[in-house]
Structure formats: C-alpha cells, structure tokens
Amino acid sequence: MEQNKGILGEQQPHWETNFANRVEMFGEVPSDAAVKAAEIFEKRGIKTILELGGGQGRDTIYFAQKGFKVHVLDYTHSGISAIKEKAQKLGLSNSVEALQHDVKTPLPFDDAFFEGCYSHMLFCMAFTVQEIKFLAQEVNRVLKPDGINVYSVRNLSDPHFGTGIHRGEKMYEVGGFIVHFFDKEMIEELSEGYKILQINEFEEGGMPRRLYLVTQQKE
C-alpha cells in the first residue's frame, strides 16, 4: 500500500503532461453532467458555484455562458492556463475565477461561501477513501446552508472496473490513469452532513463510461 501511495501521488504530473500536449483532451462541448447540474442550479436560483477539477474548462465555460459566477480549481497549471485563456477570449473573465489547487488540502475559501458545488469525475480520481471523505467534508464546509453539491463518479458497471492494475481499494490504473470506482454504499459513506436528493445513472463517451450523478443538499 505504501508503494501505491507513491504511485497515486504521481498522477498530477501525468495529467499535467496530457493537458499540455492535448489541447482539447475531452472536447469542447460540455459534459452531460454539467448540463444537468446547470438545470439543477437554475431551478434553485443558484448563481455562484465552485467547480472542482475543471480540467481544460469545457464545463467551466458552459457554466459561465449560462450566467453563473464560477470559481474553478484544478491541480494542473496547464488546465488553469487553458481555462483563463478561453474565458478571456470569450469575454467571460469576470465570470470565471480559476486557481491551481490540490483538493487533498483544505479548500481556499471561507465557510459557507458557495451556493453550489459541481465536479465531474473529480471524486473518482486517484484518492483514497480517507482523502475522498476529507474532500466531501471540505465541500460541505464551504457550502451555504441548504447548498447543493452535484458530482459524478464512475461506477462498478463501468467497463474499466476490475481491469488494468489494481491500486488498492476500488482503484484501477488503465492507460496510465488511476480511477476510483464507486458503488452506492460509497456514496452513502460520503453523505455525512448532506441529504441525498438523487442518484442517477448515465453513460458518457465511446466505451461508454458508466457513471452516477449524485445530487446532495447540505443539511
């Protein structure tokens, strides 16, 4: 397990290299998760959101274009640079605050700062269960009372689950990327301080990836 901890920590430079070399690694159109999250936020009158793991900004830009004020974090310099450049080109710089940050450390915001939080596959990155629980509680801390957290994670019916190199817990490395796969029990474990409003299954991409979209409300 100690060896795996070192390997988990090596994911940041791997993502950094991929974002630097692949300008639109995930395409330019927003993810289905972002489209659904925007609908949820709009129905609740939410205007200011935190996005975790913004990557190269396809969902960040979508939220900004929909009229949200977005504070976005990513742990790669390449990703944050791409987001800032896109926002500037589209005249959205006033709607996007982008910051490089490792979410394994405390979030750089005051308590009860945001109305909503969104992340697409961030929770299922190369984090241990303990690290994921820490992040879930940090999100809870920075959400206002009754704030909404919408996140997506790959689930156990995903075709990559159980393939590649096992990296401990429910983590598998495929093609150099480590994914932590979720079951509903894990989602329940992360719900301390939240009320689960919905757990929806959906698919994305050509494999396709199989995911849960989780909507929680801070209690």
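Preceding this paragraph is the structure being described.
This is a predicted model, so every value here is computed, not measured.

**Student:** How would you summarise the overall build of the protein chain if you had to cite specific residues and measurements?
**Tutor:** A tally of regular secondary structure across the protein chain gives seven helices and ten strands. For the protein chain, the proportion of contacts with a sequence separation of at least 24, taken over those separated by at least 6, is 72%. Put simply, the protein chain shows about 10000 Å² of open surface, and 48% of that area lies on carbon and sulfur atoms.

**Student:** Run through the pattern of salt bridges, naming residues and quoting values.
**Tutor:** Using the criterion set out here, one finds twelve salt bridges in the structure. Sharing partners across several salt bridges, the network here consists of Arg58, Glu204 and Arg209.

**Student:** Would you mind going over the pairing of strand E5 (residues 143-154) in detail, with residue names and values included?
**Tutor:** The side chains of a regular strand alternate, residue by residue, between the two faces of the sheet. The element E5 is largely enclosed, with a buried count of nine among its twelve residues. Where strand E4 (residues 114-120) lies against E5, six bridges are found, and the strand directions are parallel. When the sheet's bridge partners are listed, Tyr118 is paired in E5 with Val150. Regarding topology, helix H6 (residues 129-142) serves as the crossover connection from E4 to the parallel E5, and that connection is right-handed. Where E5 lies against strand E10 (residues 209-218), seven bridges are found, and the strand directions are antiparallel. Each residue of the ladder has a partner; that of Tyr151, found in E10, is Val214.

**Student:** Give a description of helix H5 (residues 77-89) that names residues and reports values.
**Tutor:** For H5, which comprises 13 residues, the first-to-last C-alpha distance of 18 Å matches the rise-based estimate of 18 Å (1.5 Å per residue) to within 8%. Along H5, the positions that sit buried rather than exposed are Ser78, Gly79, Ile80, Ala82, Ile83, Lys86 and Ala87. Backbone geometry just downstream of H5 places Gly91 in the positive-phi region, at approximately 70 degrees.

**Student:** Account for the packing of aromatic side chains, with residues named and values stated.
**Tutor:** For the coordinates displayed, the defined rule picks out twelve aromatic pairs. Between Phe41 and Phe63 the ring centres are 6.4 Å apart and the planes differ by 50 degrees, which places this aromatic pair in the tilted class. Of this pair, Phe41 sits in helix H3 (residues 32-43) while Phe63 is found in helix H4 (residues 58-65), placing the two residues 22 residues apart along the sequence. Under the relative-accessibility criterion, Phe63 is labelled buried at 0%.

**Student:** Break down the packing of H3 against H4 for me, citing the residues and quoting the values.
**Tutor:** Between H3 and H4, whose axes approach to 10 Å, the crossing angle comes to 30 degrees. If you check the angle between H3 and H4, you find them roughly parallel. Classified by chirality, the crossing of H4 by H3 is right-handed. Judged by residue contacts, Ala34, Val35, Ala37 and Ala38 of H3 engage Asp59, Tyr62 and Phe63 from H4. Within the contact of H3 with H4, the residues separate by chemical class into six nonpolar, no polar and one charged.

**Student:** Explain the sheet that holds E10 residue by residue, including any values.
**Tutor:** Strand pairing in a sheet relies on backbone hydrogen bonds, with the paired strands running either antiparallel or parallel. Taken in spatial order, the seven strands line up as E3-E2-E1-E4-E5-E10-E9 in an open sheet, and their pairing is mixed. In this open sheet, the two edge strands, each paired with only one partner strand, are strand E3 (96-100) and strand E9 (194-204). Here the strands of the sheet are splayed against their neighbours by 15 degrees on average, with no regard to which way each runs. As defined by bridge partners, E9 adjoins E10 across ten bridges and the pair is classed as antiparallel. Looking across to E10, one finds that Phe202 is bridged to Leu211. Across the face of the sheet, H5 comes into contact with strand E2 (69-74) and E3 while running at roughly 165 degrees to E3. Packing against the sheet, H6 makes contact with strand E1 (48-52), E4, E5, E9 and E10, and its axis sits at approximately 145 degrees to E5.

How each quantity is defined
All residue numbers refer to position in the chain's written sequence, counted from 1. Totals for whole chains, interfaces and linings use all residues, but because this is a predicted model, local features are given only for residues with pLDDT of at least 70 and pairs of side-chain atoms are given and counted only at 80 or more. Water and hydrogen atoms play no part in the side-chain values, which are based on all heavy atoms of the structure. Numbering of helices and strands runs from the N terminus, with a helix taken as a DSSP run of H or I at least four residues long and a strand as a DSSP run of E at least two residues long. By the convention used here, residues are in contact when the closest approach between their heavy atoms is within 4.5 Å. Under the convention used here, a 1.4 Å probe and the Shrake-Rupley method define accessible areas, while residue burial counts only the protein chains that appear. Salt bridges are defined by distance alone: a side-chain nitrogen of Lys or Arg within 4 Å of a carboxyl oxygen of Asp or Glu. Throughout this description, buried means an accessible area under 20% of the type-specific maximum (1.4 Å probe, protein chains only), exposed means over 50%, and partly exposed covers the range between. Only when DSSP finds a minimum of two bridges between them are two strands counted as paired. Every crossover in which the path from the first strand over the helix to the second runs clockwise, viewed with the strands pointing away from the viewer, is termed right-handed. Multiply 1.5 Å by the residue count of a helix minus one, and that product is the helix's expected span. The aromatic pairing rule takes the rings of Phe, Tyr and Trp, using the six-membered ring of Trp, and pairs them if the centres are within 6.5 Å, calling planes under 30 degrees apart stacked, those over 60 edge-to-face and the rest tilted. Axis angles are defined between N-to-C directions and span 0 to 180 degrees, where every axis is a line fitted to C-alpha atoms and, for a helix, only to the segment in contact. Roughly parallel here means an angle under 35 degrees, roughly antiparallel means over 145, roughly perpendicular means 65 to 115, and every remaining angle is called oblique. Handedness of a helix crossing follows the sense of rotation of the near helix relative to the far helix, less than a right angle counterclockwise being left-handed and clockwise being right-handed. Amino acids are sorted into nonpolar (Ala, Val, Leu, Ile, Met, Phe, Trp, Tyr, Cys and Pro), charged (Asp, Glu, Lys and Arg) and polar (every other residue, Gly among them).

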